[in-house]
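# Architecture at a glance
Spelled out from the first residue to the last, the chains are:
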Amino acid sequence: MGDCGDAEDEFEDALEVIPAHCKMDLNTALSDSKIAIHLFFNNKFNEAQHILEPWVGTSMYHTIGRSIFLFLEALLTFEQTSIQKASEALKSSIRLCNSYRRKTTLTQSIGNIMKKPNYDSFTPDELHAELCFAEALLLKALLTFIEDETLVSFIRAGIKIRSCYNSYKECNVILSSRSWSENEKSYKEHFESGVRLGIGAFNLMISLLPSKIIKLLEFIGFSGSKEQGLSELELCYQVPHGLRHVLCVLTMLTYHLVVVYVFSQEEGDLEFCDTALRQQLTLYPNGAWFLYFKGRLEFMRGNVDDAIKWYTASVESQDSWPQFHHICYWELCWANCVALNWKRAEIYAAKLAEQSKWSRTTYNYQRACIMLMRGYNCLSRDELNTVNQLMADVPKYKQRIAGKSLPMEKFAVKRSQRFANQNNRLFMPAIELLYLWNLFNVFGKRKSLCDNLYRLIDRNTKDLEKNPGQYGSEYEYDNKALGCLLKGVCLRIMDSPLYAEECFKSVVSMEKKIKEDRFLVPYAHVELAFLYKTKGNLEKAAYYLETAKKNYSGYSLETRLHFQIHCAWSTLNDRNTTTTTDHNNDLTPDSRFNDNQ
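Summary of the structure given here. As a convention, each chain's residues are numbered from 1 in the sequence order in which they are written. Predicted model: local features are reported for residues with pLDDT of at least 70 only, side-chain atom pairs are reported and counted for 80 or more only, and whole-chain, interface and lining totals are derived from all residues. Note: side-chain values were computed over all heavy atoms of the structure, leaving out hydrogens and water.

## Side note on the overall build of the protein
If you tally the helices and strands in the protein, you get 27 helices and two strands. Three labels apply to residues, based on accessible area from a 1.4 Å probe with only protein chains included: buried if under 20% of the type maximum, exposed if over 50%, partly exposed otherwise in between. Across the 597 residues that make up the protein, the buried fraction comes to 55%. Under the convention used here, a 1.4 Å probe and the Shrake-Rupley method define accessible areas, while residue burial counts only the protein chains that appear. Taken as a whole, the protein presents about 26,900 Å² of accessible surface, with 51% of it coming from carbon and sulfur. Under the scheme used here, helices are H or I runs from DSSP no shorter than 4 residues and strands are E runs no shorter than 2 residues, and both carry numbers assigned from the N terminus.

## Topic: the packing of aromatic side chains
Each aromatic ring pair is described using two quantities: the centre-to-centre distance and the angle formed by the ring planes. Each aromatic pair joins two rings of Phe, Tyr and Trp (for Trp, the six-membered one) with centres within 6.5 Å, and gets the label stacked for planes under 30 degrees apart, edge-to-face for over 60, and tilted for any other angle. Applying the stated criterion to the full structure yields 32 aromatic pairs. Both rings, one in F40 and one in F69, keep their centres 4.2 Å apart while their planes meet at 5 degrees; by these two values the pair is stacked. A residue pair is termed long-range when its members are at least 10 positions apart, and F40 in helix α1 (residues 26-41) and F69 in helix α3 (residues 60-77) qualify at 29 residues. Each member of the pair, F40 as well as F69, is classed as buried. When the centroid spacing of 5.7 Å and the interplanar angle of 90 degrees are considered together, the rings of F519 and Y523 count as edge-to-face. Each member of the pair, F519 as well as Y523, is classed as buried. The rings of F40, F41, F45, F69, Y284, W289, F290, Y292, F293, Y311, W321 and F324 are connected pair by pair, giving a single aromatic cluster. In this analysis the charged atom, NZ for Lys or CZ for Arg, is taken to sit over a ring once it is within 6 Å of the ring centre and within 35 degrees of the ring normal. In this structure, R102 is placed above the aromatic ring of F122, and the distance from its NZ or CZ to the ring centre is 4.3 Å. Of note, R418 hangs over the ring of Y475, and the distance from its end group to the ring centre comes to 4.1 Å.

## Re helix α10 (residues 226-237)
A helix is expected to reach a length of 1.5 Å times the quantity of its residues less one. In a regular helix each residue adds 1.5 Å, so 12 residues correspond to 16 Å; α10 covers 16 Å between its end C-alpha atoms and thus fits that length. All of the buried residues along α10 are G229, L230, E232, L233, C236 and Y237. Buried positions in α10, seen along its axis, are confined to an arc of 160 degrees and lie on one side of it. If you follow the buried residues of α10, they end up packed against α8 (185-207), α11 (245-263) and α12 (270-283). Each direction from the helix axis to a C-beta atom contributes to the arc, which is the arc of those directions. We call two residues in contact whenever any of their non-hydrogen atoms come within 4.5 Å of each other.

## Let's talk about the environment of E126
Along the chain, E126 turns up in helix α6 (residues 124-147). You can call E126 buried: its relative accessible area is 15%. As a C-alpha pair, E126 and C97 span 29 residues in sequence and 8.9 Å in three-dimensional space. Not counting residues within four places of it along the chain, the set of residues in contact with E126 comprises Y100, R101, R102 and S121.

## Considerations on the side chain of K294
With respect to the helices and strands, the residue K294 is situated in helix α13 (residues 288-300). On the basis of relative accessibility, which here comes to 14%, the residue K294 falls in the buried class. Not counting the four nearest positions on each side in its chain, K294 is found in contact with D274, L277, L281 and W310.

Encoded structure:
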């Protein structure tokens, strides 16, 4: 180890060839990184930075470690200055890692085409340079999507992703084909955890994308398997001393507690999450990330009061990153909505609208919706004025990211216009949002929550039937169809399939009478698919998924529904594989459901 003076603070000073006196040995770099990670996840963000700073620009792990911290900050803040800082840091990491990688001559490159390289001759520094290079490329590619708003940047990101995908594949070959010596055990552990995390996250991410995007990705050279992704992450999880173990846990928790519930009707592996969180909260008792995930676990179990307690603990655990508070405020807002505690939910909705810069359009709209749920007669004149002002402000803050408007913002703007057209009224607006954010399944975990929701929907739909004029006559069938859809979903999760089916088919029958909310009809078709899938009638489930996918387009929140259709198709095909014979490829009912039909 040596001292390089102040030059290492300048990212741009990373050299093509690192002078010998500037190098830090790999063991010390890995050791420092483990300490920095431990501090970081115990909310000691500044102390973690201080460990990395002196060697940024000369040590691979110190440089990429700082880049990862800046990357996380950019994702949390969405501020252009943070994005730019993270981007510059990652460029530096890529250059530095490249300088440590094994250099090959043209002759060697041609030879490598004929036969694979001799990975046993690679030094540990060269091996870890390949891995860190792939990681930095991946993060830079992900940042490209939010850094710039043009189609060119999207294509550039795709090329970068393909490049780092190939780097990870190369690392995977190294892991399996190299003869690792006994004294390289710790190097191998750290290398293996990084390779498995990268390959696993890649496969999982790609497998979730709708088929249109997957076809494009396959065209430029890669595809993804959910099963392989989860398998690789589980193998990474089984290397507990690997440097990236905690990042693997975060990835798996994000998948099982957030991604699964946002994009599908499936259940995450809550048993794994419970075990993993017990371990992580022992290591990081005040860690904001793990307190948040513990809250999310309890929320997905339907334990709303416990969820609120853990989310609040996460907020109180640190104040260095107020942006992380906003993630918890979001959860606290919806947890209170599930409890139908509108006044408490509005407190967090107001905090988001006032403090967060992520999407003021969405935040203003949801705050107004939550206030409206208390009933017009229960709002004071000042509160009604606040609702009116919030709705008027909704279109003002609409933004474009990667050249496109956010779908939920477009939806909020349309709904704010509807509010003005319906005598400053909306029909069950926060219940509609709970449905669109895919939170109805949480109600299904607790009978008391479900009963309260059903009574609320039933009361409002009956009131609409008695007095449709309160919203004006122009959108009569739009509001009726919304009421039928929400009631049907509630009945579905209450296990009343016949009544639920009646509601969904009623929505479909109103198709020609609906003036504006065309999205309700394809959503009703997908709900019918979920209903038949639960009953075990996979043939009808497939029919309704196909109808929603092929017969409808150009409606609000279409991409959101296509993610759900894609995930439903995946599980439908999985189940179908177990029930079809070699000579029959038609979709048939899953035998696991036959007893329940």
